[in-house]
Amino acid sequence: MKQQNKLKILNDPIYGFISIPSREIFQLIEHPYFQRLRRITQMGLSYLVYPGAHHTRFHHALGCMHLMQKAVQVLRSKGVVIDDKEEDALYKTILLHDIGHGPFSHALEYKIVKGVTHEQLSLNFMQALNEEFNGSLTLAIKIFKGEYHRPFMLQLISSQLDMDRLDYLKRDSFYTGVAEGNINSTRLIAMLNVVNDELVVEEKGIYSIEHFLTSRRLMYWQVYLHKTGIAAEHLLQSFFKRLVELYESKVAVSLPDRIEYFITRENFDQASAHDLKMFARLDDTDVFTALKMNVDHEDFVLRELSNMLLNRQLLKVKFRDAPVSEKKLNSKIIQLQKQYKLSEDQASYFVFQGVVKHTAFAKANPIKILTKTGKVKELLKVTKEDSFKALTKVAQKHYYCHPKLNDNS
Ligand SMILES: Nc1nc2c(ncn2[C@H]2C[C@H](O)[C@@H](COP(=O)(O)OP(=O)(O)OP(=O)(O)O)O2)c(=O)[nH]1
């Protein structure tokens, strides 16, 4: 049934045309493991706050590969030697670096499939594909595992200034409409260089880096960690917690089989080809199906959580500098118990608090600058600007969520 598709150029709303560098990379894109990314949303439940944010890991992976092509061009033009095999491996690694994300990306990481990170799952997929593609991903895997002797190759894929971040900030800014996140990826890539096989940024690019770091911080607080999005993601995680509780108490719940397969397992078995095969069948549509299958469930908590998420009937959320007192939290739980005749355990699903943290720029694995005098120095040693130091601070906010009750609280 398979038809030969000759298409080698894709249209992307951010960069225009994205060309696919080789026939084999085209075959990787066509593979069902990669096609699955069309059904994995990039930003979890952020679309409940920003209605345009329905783009997927598929768009992001292709965007990253496009930026990697630009980076290779720039570096070669500056005399950095990247041979054809390395070039091919760089495209394959960046294309597949996020292939291990599960339904709703970060929002459900560890919640359905326990005990394994998306990075480990990406590696599992790469290894499985390597077998199918007769070992042609061996170098890509070596780079991804940090085992290749030229560290800049991994730094282009995973570091504080990598193609991943350059694509997701620009892309998420576009799809959310939050223009402040729109970084200048072309200029940042044009400023890259390599010294002793380490990635560096030329000193004249310092203000572009400042803009990039500031935009990243802004995107975290305004978009990724938006209080309503956080509350929605917490509710989705609670939906899975409740499913497991009911399942373990032998209460019948309706579920797609691949969700049932994982929620009844303690840990993903990294050595098992069957676990990977089952994981590859999971995507956002299974989560929507699970929500829809339980909107009329006899259990109040499961039914309410399904309806709240499907119909965006979310909780009231406040950001605070400190956590609310136990007394205040408990009194809100009691109030909810009385109003809806719930047990304390049931009411606690709808009254909760937590904390979110973000650092725009970590001091570990710093961005390195190639100074005008030809020396390589850490970013914070080159610039005296306070704005950079401020970006290294861990910012945290406490959130407090509860239903909108009839007491103006
Ligand atoms: N809605 C939402 N989206 C998030 C959250 N954390 C990350 N994202 C989105 C923003 C980006 O599109 C993408 C970044 O995550 P990735 O898995 O692509 O990269 P990674 O975790 O390595 O990001 P990093 O290099 O640490 O910035 O996921 C979150 O807590 N909520």
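Values in this document were obtained by computation on a predicted structure and should not be read as measured data. (Residues numbered from 1 in each chain as written. Predicted model: local features only at pLDDT ≥ 70, side-chain atom pairs only at ≥ 80, totals over all residues. Heavy atoms only, no water.)

On to the sheet that holds strand β4 (residues 198–202). The strand order β3-β4-β7-β8 describes an open sheet built from 4 strands, whose pairing is mixed. Strands at the two margins of the open sheet, each flanked by one partner only, are β3 (192–195) and β8 (376–378). Adjacent strand axes in the sheet meet at a mean angle of 45°, parallel and antiparallel pairs treated alike. As judged from the 2 bridges shared by β4 and strand β7 (residues 368–370), these two strands associate in the parallel manner. Within β7, the position partnered with Val-201 by the bridge is Ile-369. (Pairing = 2+ DSSP bridges. Helix = DSSP H or I, 4+ residues; strand = E, 2+ residues; numbered from the N terminus. Axes fitted to C-alpha atoms, helices over the stretch in contact; angles between N-to-C directions.)

Near the ligand, the surroundings consist of 17 residues, among which Gln-42, Met-43, Ser-46, Tyr-168 and Asp-172 are the closest. Interatomic distance of 2.8 Å between a side-chain N/O atom of Ser-46 and a nitrogen atom of the ligand. Contact between the ligand and Arg-216: an oxygen atom at 2.9 Å from a side-chain N or O atom of the residue. Breaking the shell around the ligand down by element, the ones donating at least two residues are α8 (163–176) and α10 (206–224). With 4 residues, α8 is the largest single contributor of residues to the shell around the ligand. By residue class, the composition of the shell around the ligand is 5 nonpolar, 5 polar and 7 charged. (Near = heavy atom within 4 Å. Polar contact = N/O pair within 3.5 Å; in protein donor to acceptor, adjacent residues only side chain to side chain. Nonpolar A, V, L, I, M, F, W, Y, C, P; charged D, E, K, R; others polar.)

Turning our eyes to something else, we now look at unusual backbone geometry. Positive phi values are uncommon outside glycine, yet Asn-196 reaches one of about 50°. Here Asn-196 lies in the loop between β3 and β4.

Here we come to the domain arrangement of the protein. One can read the domain layout of the protein as domain 1 (9–223 + 363–393) and domain 2 (227–356). In this structure, domain 1 and domain 2 have C-alpha centres spaced 31 Å apart. Residue-level contacts link 30 residues of domain 1 with 26 residues of domain 2. Both sides together, the interface formed by domain 1 and domain 2 hides about 2,700 Å², and carbon and sulfur atoms give 69% of it. Summed over the three residues of domain 1 that lose the most area to domain 2, namely Leu-48, Ile-112 and Lys-114, the buried surface amounts to 22% of that side. Across the domain 1-domain 2 interface, the total number found is 1 salt bridge. Taken together, domain 1 and domain 2 are joined by 10 residue pairs in polar contact (both at pLDDT 80 or more). Sorting elements by how many residues they give to the side of domain 1 that touches domain 2 places helix α5 (residues 118–132) first, with 5 residues. Within the side of domain 1 that touches domain 2, the residues separate by chemical class into 18 nonpolar, 8 polar and 4 charged. (Domains from an automatic or database assignment. Contact = heavy atoms within 4.5 Å. Buried area = accessible area lost by both parts, 1.4 Å probe. Salt bridge = Lys/Arg side-chain N within 4 Å of Asp/Glu carboxyl O.)

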